[in-house]
Amino acid sequence: PDVSPMQIFSRAALVHADRQIFVGGLFAEKANGGQEQALNVFEQLQTILSKTGSDLQHLAKGTYYAVDDGSARGLDRARLWLYDQDRPPAASKCMVHGVGQPDRTLTMDMIAVEADK
């Protein structure tokens, strides 16, 4: 109760679920600018969540890795547009030297729960 959420992340997320969905190592399909990469990665995430019985409303935790300021800002803008600003997932964002894929400047790992049935 003492921890109020920001628009794009929470400091804590309380989960009541039997099923958790772990998604790791999402990279953009093409080497574009940071915002384009972020939107492409979230598009992939939405597809995966849909196939596993979840959605962006049921994200519990996100860990974001960005190589440069453009990618970090792209992630922030995408989260602002895509997340429910009253219930964003808990999150961490790290600046890194690389993300393990050539010409990519961001990646993310996510934990979601199953959507209400």
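Procedures and definitions
Residues numbered from 1 in each chain as written. Predicted model: local features only at pLDDT ≥ 70, side-chain atom pairs only at ≥ 80, totals over all residues. Heavy atoms only, no water. Phe/Tyr/Trp six-rings, centres within 6.5 Å; stacked < 30°, edge-to-face > 60°. Helix = DSSP H or I, 4+ residues; strand = E, 2+ residues; numbered from the N terminus. Buried < 20%, exposed > 50% of the residue type's maximum accessible area, 1.4 Å probe, protein only. Lys NZ or Arg CZ within 6 Å of the ring centre and 35° of its normal. Pairing = 2+ DSSP bridges. Salt bridge = Lys/Arg side-chain N within 4 Å of Asp/Glu carboxyl O.

Participant: How do you make sense of the packing of aromatic side chains when you look at a structure like this?
Facilitator: Working definition: an aromatic ring pair is given by the centre-to-centre distance plus the angle between the planes. This structure, assessed with the given rule, holds one aromatic pair. Between F42 and Y83, the aromatic rings sit 5.8 Å apart at their centres with planes inclined by 80 degrees, giving edge-to-face as the arrangement. Of this pair, F42 sits in helix 1 (residues 34–51) while Y83 sits in the loop between helix 2 (69–82) and strand 3 (90–95), and the two are 41 residues apart along the sequence. The burial state of F42 is the same as that of Y83; both residues are buried. The ring of Y64 carries the charged tip of R79 above its face, separated from the ring centre by 4.4 Å.

Participant: Could you clarify how one ought to interpret the pairing of strand 4 (residues 106–113) in this entry?
Facilitator: Regular strands show a simple pattern: their side chains alternate between the two faces of the sheet. Extensive coverage of strand 4 is indicated by the burial of six of its eight residues. Of the pairings in the sheet, the one linking strand 1 (residues 20–26) to strand 4 comprises five bridges and is antiparallel in character. Opposite F22, over in strand 4, you have I111 as the bridge partner. Two elements, strand 2 (residues 59–66) and strand 4, share seven bridges in a ladder whose sense is antiparallel. Note that in strand 4 the partner of G62 across the bridge is M110.

Participant: Explain the pattern of salt bridges here, please?
Facilitator: Opposite charge on two side chains permits pairing when their charged atoms draw close. Using the criterion set out here, one finds three salt bridges in the structure. One salt bridge in this structure joins D76 and R79, with 2.7 Å as the shortest N-O distance. Of the two residues, D76 and R79 are both situated in helix 2; the distance of three residues between them amounts to about one turn of the helix. You can call R79 buried: its relative accessible area is 3%. Between D76 and K93 there is a salt bridge; the shortest N-O distance is 2.8 Å. Residue D76 is found in helix 2, and its partner K93 is found in strand 3; the two are separated by 17 residues along the sequence. Salt bridges linked by common partners bring D76, R79 and K93 together as one network.

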